[in-house]
Amino acid sequence: GVARLSPCHRTMTEAKQTPELVVERLIAGLLALPVLAYAVWYGAGLFSEGSLPASLFLLPFPLSGLTLGALLLWFALRGSSPALRRRLGSALLWGSVVGGVAFLAGFFGPLVLQPSSNQGPLFGIFVSGPLGFVAGCIGGVLIPHRYAAA
């Protein structure tokens, strides 16, 4: 006889789209558009002002928006694949972990190194946190998964 696969062991071609997944993908697509539009608008505005050194300080903010928007759009367009959903989950997990650690280091590091500076935490908010999120997401997408779908 032919062994039937359980729902957890479906191949990518056998993946069923549940109504909940369709709604999640629609919401992701609707969220991706304004996030990407804002990131592009904000990033373009940084370079149109003419003060490039100050603009480079704020560049991680639109980069993190582009990263989040790209992940949302990727899920909206290709989210029916379980393997892709695992990869996106890995990207978001690593982006959150690396971004969180980078944020904490950038927020508290300047406070420890130079306690008299009241602008030290801004580095964690505007630079190290967003750059950590971008780096973690890229790593989460590119690092091969060492586990199989159970």
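Residues numbered from 1 in each chain as written. Predicted model: local features only at pLDDT ≥ 70, side-chain atom pairs only at ≥ 80, totals over all residues. Heavy atoms only, no water.

Colleague: Mind showing me how you'd approach the overall build of the protein here?
Modeller: Regarding its fold elements, the protein presents 5 helices and 0 strands. Element order for the protein, N to C, with α for helix and β for strand: α-α-α-α-α. Every one of the 150 residues in the protein was classed for burial, and the buried ones make up 31%. Within the protein, counting contacts between residues at least 6 apart in sequence, those at least 24 apart form 70% of the total. (Helix = DSSP H or I, 4+ residues; strand = E, 2+ residues; numbered from the N terminus. Buried < 20%, exposed > 50% of the residue type's maximum accessible area, 1.4 Å probe, protein only. Contact = heavy atoms within 4.5 Å.)

Colleague: What am I meant to see in helix 1 (residues 19-48) here?
Modeller: Think of an α-helix as turning once every 3.6 residues; residues three or four places apart then point the same way. Between the first and last C-alpha of helix 1 there are 44 Å, a value that for 30 residues agrees with the 44 Å anticipated at 1.5 Å per step. Inspection of helix 1 places Leu21, Arg25, Ala28, Gly29, Ala32, Leu36, Ala39, Gly43 and Leu46 among the buried residues, and these make up the whole buried set. (Expected span 1.5 Å × (residues − 1).)

Colleague: Please clarify how the environment of cysteine 137 should be interpreted in this entry.
Modeller: For cysteine 137, the location among the structural elements is in helix 5 (residues 122-142). As a C-alpha pair, cysteine 137 and threonine 67 span 70 residues in sequence and 7.6 Å in three-dimensional space. With residues near it in sequence (within four places) discarded, cysteine 137 still touches Thr67, Leu71, Ala91, Trp94 and Gly95.

Colleague: When you look at the packing of aromatic side chains in this model, what are you seeing that I'm missing?
Modeller: Aromatic ring pairs: the centre-centre distance and the angle between the two ring planes describe each pair. Scanning all chains against the criterion turns up 6 aromatic pairs. Aromatic pair phenylalanine 103 and phenylalanine 107: ring centres 5.4 Å apart, planes at 35 degrees, arrangement tilted. Note that phenylalanine 103 and phenylalanine 107 are positioned in helix 4 (residues 82-113) at a spacing of 4 residues, about one turn of the helix. Residue phenylalanine 107 is classed as partly exposed on the basis of its relative accessible area, which comes to 22%. Here the aromatic residues Tyr38, Trp41, Tyr42, Phe61 and Phe126 are joined through ring pairs into a cluster of three or more. (Phe/Tyr/Trp six-rings, centres within 6.5 Å; stacked < 30°, edge-to-face > 60°.)

Colleague: Which parts of the structure should I look at to understand the side chain of threonine 67?
Modeller: As for its position among the elements, threonine 67 is in helix 3 (residues 60-78). In this structure threonine 67 touches Phe133, Val134 and Cys137, once residues within four positions along its chain are discounted.

Colleague: For this particular structure, what's the right way to read the nonpolar core?
Modeller: Soluble globular proteins tend to pack their nonpolar side chains together in the buried interior. Counting residues in each nonpolar core, the largest one holds 13 residues, and the members touching the most others are Ala28, Leu71, Phe75 and Leu88. Only helix 1, helix 3, helix 4 and helix 5 provide two or more residues apiece to this core. The biggest single contributor to this core is helix 3, with 4 residues. The contact partners of leucine 71, leaving out residues within four places of it in the chain, are Leu88, Ala91, Leu92, Cys137 and Val141. (Core = buried A, V, L, I, M, F, W, Y, C linked by side-chain atoms within 4.5 Å.)

Honestly, it's all geometry; don't read function into it.
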